[in-house]
Amino acid sequence: MHKYIKAIGFQKISSEKEWNQILREAEDTFTGYERISLEENLDFCEFRKDFGVDIGICSYGQIDEKETFEREYYVPYFYGSGVTSYADIIVEKRSDREAYIGICEDAKVGVSLIFHLQNGMEYMKEFQLGRIPKASTSVTLAGLAVSGKILFPVLKSKEQERERKEESRNRMMLLTAAREGNEEAIESLTMDDIDTYTEVSKRLLSEDVYSIVDTYFMPCGVECDQYSILGEILNMDILENRITGEEICVLTLDVNELIFDICVPMESITGQPEIGRRFKGDIWLQGYINFP
C-alpha cells in the first residue's frame, strides 16, 4: 500500500484485500480518464478517482485491444491552488515505471525542487505533438503529509521582518548570479554561509533551534521528491474523504517565500493549526505544470 494514501483520508484501511477492492471500484467508477498510445494494440491508461475536493487516486497501467486494463501502479494526489513558481522546469522520465518527475530551479529555496509530475499524461501528449514550450512555464506545487506538528511563530518586529525580506531578496539575486558563474557572487555566498554558521552556533548555546530557524525546506529520506519542511500557515481549510469520512486539513504555507498547499489528516496533527503558526513535517512533493 502506498505510504501517502493516509494523507488523503485512508488511515484506517489496513489490509491489502480491502484496499484492492477500493482500487477496483475506483477504476470502474472513475471521474477522469486519459489514454495514450505506446505501440500498436497497446495503450497506456490513467484512471482518476476523486474522493473529495482536489484529492483522489490515480491508477496507471496498460490496456490492450480487448480493453483489458492491467494496473502497474497507483498514486494518491492532491491538487494545490494558485501558482507556486515561474522558474525553469525540467522533466525527466522515471527509470522504473511510466511516470515523470519535474525539477524546478527556484532561487527562493536555494535547492533544486524535485516533484512527482501530476499531469504526466498531458506532458506525454504535448511531447508527442512537439508542443513542449522552450520558455519557462509555471508550476503549482502541493504536498502530502502523513502527520505533522504545529509550532508557535517566531516573534519579530516590523523592522526585523523588513530586514529579513531584504536579506532574502539579496540572497536570491546572489544565487541567480552564482548559477550563471559569477565568481564574486559565489564568494559572497560562501562568506555569508560562514557568518551564518558562526552566529547560529553561538545562539544555539542559549536558544532553541526553532526560535532561530523561521522556515526551512530540505530533502528528507532516500526518495528524491520527499522533503522535510517548516513553514508559516497563511490559510487553512478542512476537507472530508467521501468514502471514509475522515477530515483532512489543507494548509497554505509560506516556506522560504515559496507558497504552496499541503494536506494532512486532521487527527495526525500534533497541536492546533491556526493562521500565523508554523507547520513542521515530512511531505511528498507533487506538482502540476501549467502548460499554455
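Up top you'll find the structure we're talking about.
So, here is what we can say about the structure in this document. Nothing here was measured: the structure is a model prediction, and the numbers come from that model. (Residues numbered from 1 in each chain as written. Predicted model: local features only at pLDDT ≥ 70, side-chain atom pairs only at ≥ 80, totals over all residues. Heavy atoms only, no water.)

### Overview of the state of the cysteines
Short version of the rule: Cysteine sulfur atoms that pair up within 2.5 Å are treated as a disulfide. Buried means the residue's accessible area, taken with a 1.4 Å probe over protein chains only, is under 20% of the maximum for its type, while exposed means over 50%, and partly exposed covers the values in between.
Evaluation of the coordinates by the stated rule reveals 0 disulfides. There is no disulfide at Cys 58, and the cysteine sulfur nearest it, in Cys 45, is 11 Å away. No disulfide involves Cys 263; its nearest neighbouring cysteine sulfur is the one of Cys 249, lying 9.5 Å away. Judged by its relative accessible area of 0%, Cys 263 falls in the buried class.

### Side note on the packing of aromatic side chains
Applied cut-off: Here a pair means two rings of Phe, Tyr or Trp (six-membered ring of Trp) with centres within 6.5 Å. Their orientation is stacked below 30 degrees between planes, edge-to-face above 60, and tilted elsewhere. Each helix is a run of DSSP H or I of at least 4 residues and each strand a run of E of at least 2, with the numbering of both proceeding from the N terminus. In this scheme, the term charge over a ring applies when either NZ of a lysine or CZ of an arginine sits within 6 Å of the ring centre and within 35 degrees of the ring normal.
This structure, assessed with the given rule, holds 17 aromatic pairs. Aromatic pair Phe 10 and Trp 19: ring centres 5.2 Å apart, planes at 70 degrees, arrangement edge-to-face. Both rings, one in Tyr 33 and one in Phe 47, keep their centres 5.3 Å apart while their planes meet at 45 degrees; by these two values the pair is tilted. On the criterion of sequence distance, the pair formed by Tyr 33 in strand S1 (residues 32–39) and Phe 47 in strand S2 (residues 42–52) is long-range, its members being 14 residues apart. Within the aromatic cluster, the residues linked to one another by ring pairs are Phe 10, Trp 19, Phe 51 and Tyr 74. Taking NZ or CZ as reference, Arg 97 lies 4.6 Å from the ring centre of Tyr 73, over its face.

### Considerations on the pattern of salt bridges
Condition: Criterion for a salt bridge: a side-chain nitrogen of Lys or Arg within 4 Å of a carboxyl oxygen of Asp or Glu.
Counted under the stated rule, the structure contains 9 salt bridges. For Arg 71, the salt bridge goes to Glu 27, with nearest N and O atoms at 2.6 Å. Taken together, the residues Arg 71 in strand S4 (residues 69–78) and Glu 27 in helix H1 (residues 16–28) connect sequence positions 44 residues apart. Here Asp 43 ties to Arg 35 by a salt bridge, and the two come within 2.7 Å at their closest N and O atoms. Assessed through its relative accessible area of 26%, Arg 35 is described here as partly exposed. Connected through salt bridges with shared partners, the residues Arg 35, Asp 43 and Glu 67 form a single ionic network.

### Let's talk about the layout of surface pockets
Quick note on the threshold: Think of a 1 Å grid over the protein atoms and nothing else: a 1.4 Å probe that fits but is trapped marks a cavity, an open set flanked by protein within 12 Å on at least five of seven lines marks a pocket, and residues with an atom within 4 Å of a point count as lining. Grid points are joined across faces, edges and corners, and a volume is the space filled by probe spheres set on the points.
Estimated volume of the largest pocket: approximately 1700 Å³. Arg 164, Glu 167, Arg 171, Thr 196 and Ile 212 are the residues nearest the centre of the largest pocket, which is lined by 40 residues in total. Among the secondary structure elements, those contributing two or more residues to the lining of the largest pocket are helix H3 (158–179), helix H4 (183–203), helix H5 (209–212) and strand S10 (216–219). In terms of residue count, the dominant contributor to the lining of the largest pocket is H3 (10 residues).

### Focus: empty space enclosed by the protein
As a reminder of what qualifies: Residue type decides the class: Asp, Glu, Lys and Arg count as charged, Ala, Val, Leu, Ile, Met, Phe, Trp, Tyr, Cys and Pro as nonpolar, and the leftover types, Gly among them, as polar.
Taken as a whole and judged by the stated rule, the model has 2 cavities of 30 Å³ or more. Reported here for the largest cavity is a volume of approximately 70 Å³. As for the largest cavity, its lining consists of Phe 44, Tyr 60, Tyr 73, Glu 98, Ala 99, Tyr 100, His 116, Leu 117, Gln 118, Gly 120, Met 121 and Met 124. Those elements that place two or more of their residues in the lining of the largest cavity are strand S7 (113–117) and helix H2 (120–128). Residue contributions to the lining of the largest cavity peak at 3 residues, all from H2. Residue classes in the lining of the largest cavity are distributed as 8 nonpolar, 3 polar and 1 charged. Approximately 30 Å³ is the volume found for the second largest cavity. Contributions of two or more residues to the lining of the second largest cavity are made by strand S3 (55–64) and S4. Among the elements that line the lining of the second largest cavity, the one with the most residues is S4, at 3 residues. Taken together, the residues that form the lining of the second largest cavity break down as 5 nonpolar, 3 polar and no charged.

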